[in-house]
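Here are the chains, one letter per residue:
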Amino acid sequence: MAIETLVLGAGQEVGKSCVIVNINGKRIMFDCGMHMGYTDHRRFPDFSLISPSANFNDALSCIIITHFHLDHVGALVYFTEVCGYRGPVYMTVGDSCFCLLPV
């Protein structure tokens, strides 16, 4: 079984944690964080690496949020509302209530 990873943020710094894992035909995004040190496009992970056509719903099987810190979940609303991702998002109940996102 091959496991492939694509690091979209936090690879060399603290902030915008976002890793795509390909395993057994599933493409899972772990976290969707933001970098608190920037106010421009550098604040968010480079989502264009997921899908050049921006078809994120077909490109991802789901998103799993590991815990609610802004560097792990801060870009999620941007990814769903601006980028248009409508697939499943999994997180703990307390976190989902705070984010106001359907689980």
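Residues numbered from 1 in each chain as written. Predicted model: local features only at pLDDT ≥ 70, side-chain atom pairs only at ≥ 80, totals over all residues. Heavy atoms only, no water.

The name recorded for the protein chain in an unreviewed UniProt entry is Metallo-beta-lactamase domain-containing protein, from Trifolium subterraneum.

Read from one edge of the open sheet, five strands run 1-2-3-4-5, paired in mixed fashion. At either margin of the open sheet sits one strand with a lone partner, and together these are strand 1 (3-9) and strand 5 (89-90). Pairing of strand 1 with strand 2 (residues 18-23), which is carried by six bridges, proceeds in the antiparallel orientation. Within strand 2, the residue paired with Val 7 across the bridge is Val 19. (Pairing = 2+ DSSP bridges. Helix = DSSP H or I, 4+ residues; strand = E, 2+ residues; numbered from the N terminus.)

Bringing the UniProt feature "domain: Metallo-beta-lactamase" (unreviewed entry) in the protein chain into the picture now. With numbering matched to this structure, UniProt assigns "domain: Metallo-beta-lactamase" (unreviewed entry) to residues 15-86. Along residues 15-86 one finds 19% helix and 19% strand; the C-alpha atoms at either end are 24 Å apart. (UniProt positions renumbered as here; feature names shortened; annotations may be inferred.)

Here we come to the nonpolar core. When a protein is soluble and globular, its nonpolar side chains tend to lie buried together. Counting residues in each nonpolar core, the largest one holds 20 residues, and the members touching the most others are Met 29, Phe 47, Ile 50 and Phe 79. Of all the elements in the fold, those that place two or more residues in this core are strand 2, helix 1 (56-59) and helix 3 (76-81). If we skip the residues at most four places from it in the chain, Ile 50 touches Leu 8, Ile 20, Arg 27, Met 29, Phe 56, Ala 59, Leu 60 and Phe 79. (Core = buried A, V, L, I, M, F, W, Y, C linked by side-chain atoms within 4.5 Å. Buried < 20%, exposed > 50% of the residue type's maximum accessible area, 1.4 Å probe, protein only. Contact = heavy atoms within 4.5 Å.)

We now examine unusual backbone geometry. Even without glycine at this site, Asn 24 takes up a positive phi of about 50°. Secondary-structure assignment places Asn 24 in the loop between strand 2 and strand 3 (26-30). Backbone geometry places Ala 54, a non-glycine residue, at a positive phi of 65°. For Ala 54, the location among the structural elements is in the loop between strand 3 and helix 1. Of the residues examined, Ala 54 reaches a relative accessible area of 43% and is grouped as partly exposed.

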